[in-house]
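An overview of the molecular structure
Residues per chain are reported as follows:
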Amino acid sequence: MIELFKKRLSNTTKYVAWVGMLFLLAAMITTTVDVVLRKVDNQGIYGTIDLIQLMVLSAAYLSIPYAFMTKSHVSVSVLSDMMTPRVAAISQLLATILGFCFMASIAWFGYAQAEMQNQYGDISITLGVPMIYYWVPVLIGAALSAVVTLFVAVEQLEIILTGGADIMPSKD
């Protein structure tokens, strides 16, 4: 059951990250086209800043869950290499708990802010894009990150309790 959940969560984070990377690709193409148009006829794409902000924000927040899932965060290898599996798991458990608190807070308070801005009808300055479109990727990424950090915390707790031995060996 845990392996099935891990596989589904891993696939979900991977696909969400791919959507984020498509946003990043679109941001790069938009920036390039804007620069070329400014050089050619001294007129760029109207509202480029609004578009780029939305795309880069989306790329960042939709990629964070995948980084948590693959444990791609930075560690000090001098210290982490000297740790036993159990001590490393304790360190990672503390980090994932902090990560959960941070991402859950972003999701919780971000939802309240997004709801308020949606009710007020807030829009971006140049293009008039409703601000809720800026909040949707933030909320999806933060909520999915919170779920992933909880799952990773359970994995680390398993390592702490078993000393690094798998309770259920994977079938890879």
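The structure this text deals with has already been given above.
To start, this report covers the structure provided alongside it. All residue numbers here refer to positions counted from 1 along the written sequence of the relevant chain. Given that this is a predicted model, residues contribute local features only at a pLDDT of at least 70 and side-chain atom pairs are listed and counted only at 80 or more, while totals for whole chains, interfaces and linings are drawn from all residues. In computing side-chain properties, one takes all heavy atoms of the structure into account and sets aside hydrogens as well as water.

**Brief notes about the overall build of the chain**
- Scanning the chain from N- to C-terminus turns up five helices and zero strands.
- Here a helix means four or more residues in a row that DSSP labels H or I, a strand means two or more in a row labelled E, and each is numbered from the N terminus. Reading the helices (α) and strands (β) of the chain from amino to carboxyl end gives α-α-α-α-α.
- For 172 residues, the compact-globule formula gives about 16 Å, and the C-alpha radius of gyration of the chain, at 20 Å, lies well above that figure.
- Considering only C-alpha atoms, the chain reaches an extent of 65 × 40 × 30 Å along its principal axes.
- Think of it in three bands: with a 1.4 Å probe and only protein chains considered, a residue is buried below 20% of the maximum accessible area for its type, exposed above 50%, and partly exposed in between. Among the 172 residues that make up the chain, the fraction classed as buried is 31%.
- The criterion used for residue contact is that any of the two residues' heavy atoms lie within 4.5 Å. A sequence separation of at least 24 residues applies to 80% of the contacts in the chain between residues at least 6 apart.
- For the chain, the separation between the mean place of its 9 positive charges and that of its 11 negative charges on side chains is 8 Å. The globule rule is 2.2 Å times the number of residues to the power 0.38, and the radius of gyration it is compared with is taken over C-alpha atoms. When charges are tallied, Lys and Arg are placed among the positive residues and Asp and Glu among the negative ones, while His and the ends of the chain are skipped. Here the site of a charge means atom NZ of a Lys, CZ of an Arg, CG of an Asp or CD of a Glu.

**Quick look at the nonpolar core**
- Core analysis: the largest hydrophobic core is formed by 19 residues, its most contacted members being L9, M103, I106 and V148.
- Taken together, the elements giving at least two residues each to this core come down to α1 (2-41), α2 (48-69), α4 (85-120) and α5 (132-162).
- At nine residues, α5 tops the list of elements feeding residues into this core.
- Residue contacts for I106: discarding those within four places in its chain leaves Y61, Y111, V138, L139 and A142. Only buried residues count toward a nonpolar core. Its members are Ala, Val, Leu, Ile, Met, Phe, Trp, Tyr and Cys residues joined through side-chain atoms within 4.5 Å.

**Considerations on the pattern of salt bridges**
- Only one rule defines a salt bridge in this text: a Lys or Arg side-chain nitrogen within 4 Å of an Asp or Glu carboxyl oxygen. Throughout the structure, instances matching the rule amount to three salt bridges.
- The salt bridge partner of E155 is K6, with a shortest N-O separation of 3.0 Å. Remark: K6 occurs in helix α1 and E155 occurs in helix α5; sequence separation between them is 149 residues.
- For K6, a relative accessible area of 31% gives the class partly exposed.
- The closest approach of N and O atoms between D34 and R38, which form a salt bridge, is 3.0 Å. Taken together, the residues span about one helical turn, with D34 and R38 both in helix α1 at a distance of four residues.
- When salt bridges with common partners are traced through the structure, they connect K6, K71 and E155 into a single cluster.

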